Amino acid sequence: LAVGLICIAAGLAQLGFVTELLSKPIRYGYMNGIALAVIISQCPKLCGIAVEGDGPPAQALAFVRALWQGQLNAAAFGLGAGALALILLLKRWPRVPGMLVAIAAATVVVTLFDLDRQQGVRVLGALPQGLPSLALPWIDWSDLMPVLGGALAVSLVAFADTSVLSRTYAQRQRQPVDPNQELVALGATNLVVGLFQGFPISSSSSRTPVAEAAGARSQMTGVVGALGVTALLLLAPQLLERLPYSALAAVVIASVMGLIEWRDLQRIRRMQAWEFWLSIGCAAGVLLLGAIQGIALAII
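Quick notes on the rules
- Residues numbered from 1 in each chain as written.
- Predicted model: local features only at pLDDT ≥ 70, side-chain atom pairs only at ≥ 80, totals over all residues.
- Heavy atoms only, no water.
- Axes fitted to C-alpha atoms, helices over the stretch in contact; angles between N-to-C directions.
- Helix = DSSP H or I, 4+ residues; strand = E, 2+ residues; numbered from the N terminus.
- Parallel < 35°, antiparallel > 145°, perpendicular 65-115°, else oblique.
- Left-handed = near helix turned anticlockwise from the far one by under 90°.
- Contact = heavy atoms within 4.5 Å.
- Nonpolar A, V, L, I, M, F, W, Y, C, P; charged D, E, K, R; others polar.
- Salt bridge = Lys/Arg side-chain N within 4 Å of Asp/Glu carboxyl O.
- Buried < 20%, exposed > 50% of the residue type's maximum accessible area, 1.4 Å probe, protein only.
- Core = buried A, V, L, I, M, F, W, Y, C linked by side-chain atoms within 4.5 Å.
- Phe/Tyr/Trp six-rings, centres within 6.5 Å; stacked < 30°, edge-to-face > 60°.
- Lys NZ or Arg CZ within 6 Å of the ring centre and 35° of its normal.

## Quick look at the packing of helix H5 (residues 98–113) against helix H11 (residues 245–256)
In the contact formed by H5 and H11, the axes pass within 9 Å of each other and the chain directions differ by 160 degrees. Classified by the angle between their axes, H5 and H11 sit roughly antiparallel to one another. The interaxial crossing formed by H5 with H11 has right-handed handedness. Between H5 and H11, the residues in contact are Met-99, Ile-103 and Ala-106 and Ala-247, Leu-248, Val-251 and Ser-255, respectively. When the residues that make up the contact of H5 with H11 are grouped by side-chain class, the tally is six nonpolar, one polar and no charged.

What follows is the structure, encoded as structure tokens:
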């Protein structure tokens, strides 16, 4: 609720102009850094390995160490690699829903050969049935300042992530974007989520490219997705029970690969080399320090 109120207030105060200060090299660097971070986070899942690490470098190190120790799950990796290859192959035929085909095929294989029980392939499991109830999250006065402080930090992260992502996709699809309206929409969404026991949200650097790769062209994608999730929770929570995590990782990896911008960066390098290295520095900063710190470093 606090994040929602802060974002709505910022949008009404026309603070969205801050995104205009982010140059194209910085936006490219941010997206490239995010894409690489997402790929690093999904590689262990693709191989059926559970790793812990605070940030991409630690995750990558833990992943390599797990591989060295022989923790690779061959069955999970086969499913993930097969799903990834199938998705990339079916991209030649845009009308074929390659991601849906890959996920369905992986789920059928797990079910037929009982791979989750026989080979230890991690699966999604049954979804909780029903919808969360409406509840007002009361807090004590002593909790007010810590909540507001945390909400301000979350709002900054959510706004930076949403604004850079929306501007990047607006440029790619040649569509207009109003950052102030984005702020108000982000705030309204968080207000509703807060009343139904949800956590603060922003745009997603992994699910946005998944939606685009699946053919999304407008905000109706979110509406249809919400209705689909609602139908699953109410009518068929068992439908995705045998869906393997490695196949989901393949979907995310295949999608964020399209986020990596290199061709236009090469053009920028020929025109102005220092802007190219600024973009590379921003990407490195996002990978090593985090999204907000990487952008701040590039701006400075």
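## Here's the deal with the pattern of salt bridges
Enumeration over the complete set of coordinates arrives at four salt bridges. The salt bridge partner of Asp-114 is Arg-242, with a shortest N-O separation of 2.9 Å. In this pair, Asp-114 sits in the loop between H5 and helix H6 (115–118) while Arg-242 sits in the loop between helix H10 (220–235) and H11, placing the two residues 128 residues apart along the sequence. Across the pair Arg-267 and Asp-264 runs a salt bridge whose closest N-O atoms are separated by 2.6 Å. Of the two residues, Arg-267 and Asp-264 are both situated in helix H12 (residues 263–271); the distance of three residues between them amounts to about one turn of the helix. According to the relative accessible area criterion, Arg-267 is partly exposed, its value standing at 33%. Relative accessible area serves as the criterion here: at 15%, Asp-264 is assigned to the buried category. One connected set of salt bridges, linked through shared partners, spans Asp-114, Asp-116, Arg-117 and Arg-242.

## What to know about the nonpolar core
Membership of the largest hydrophobic core comes to 20 residues, with the highest contact counts inside it found for Leu-79 and Ile-87. Of all the elements in the fold, those that place two or more residues in this core are helix H4 (74–90), H5 and H11. Looking at this core, the element that brings in the most residues is H11, giving six residues. If near-sequence neighbours (up to four positions away) are discounted, Leu-79 is found in contact with Ala-106, Val-109, Val-110, Leu-115, Val-121, Pro-244 and Ser-246. In this structure, Ile-26, Val-38, Val-252 and Leu-259 belong to the second largest nonpolar core, which totals 18 residues.

## Regarding the packing of aromatic side chains
According to the stated counting rule, one finds two aromatic pairs in the structure shown. With 5.8 Å between their ring centres and 70 degrees between their planes, Trp-262 and Phe-276 make a pair best called edge-to-face. You can see Trp-262 sitting in the loop between H11 and H12 and its partner Phe-276 sitting in helix H13 (residues 273–289), a full 14 residues away along the chain. Residue classification places Trp-262 among the partly exposed residues on the basis of a relative accessible area of 44%. The buried category is assigned to Phe-276, whose relative accessible area is 4%. Geometrically, the ring pair formed by Phe-276 and Trp-277 is edge-to-face, given 5.1 Å between the ring centres and 80 degrees between the ring planes. Among the aromatic residues, ring-to-ring pairing joins Trp-262, Phe-276 and Trp-277 into one connected group. Sitting above the plane of the Tyr-245 ring, Arg-122 keeps its charged end 4.5 Å from the centroid. The ring of Phe-276 carries the charged tip of Arg-269 above its face, separated from the ring centre by 6.0 Å.

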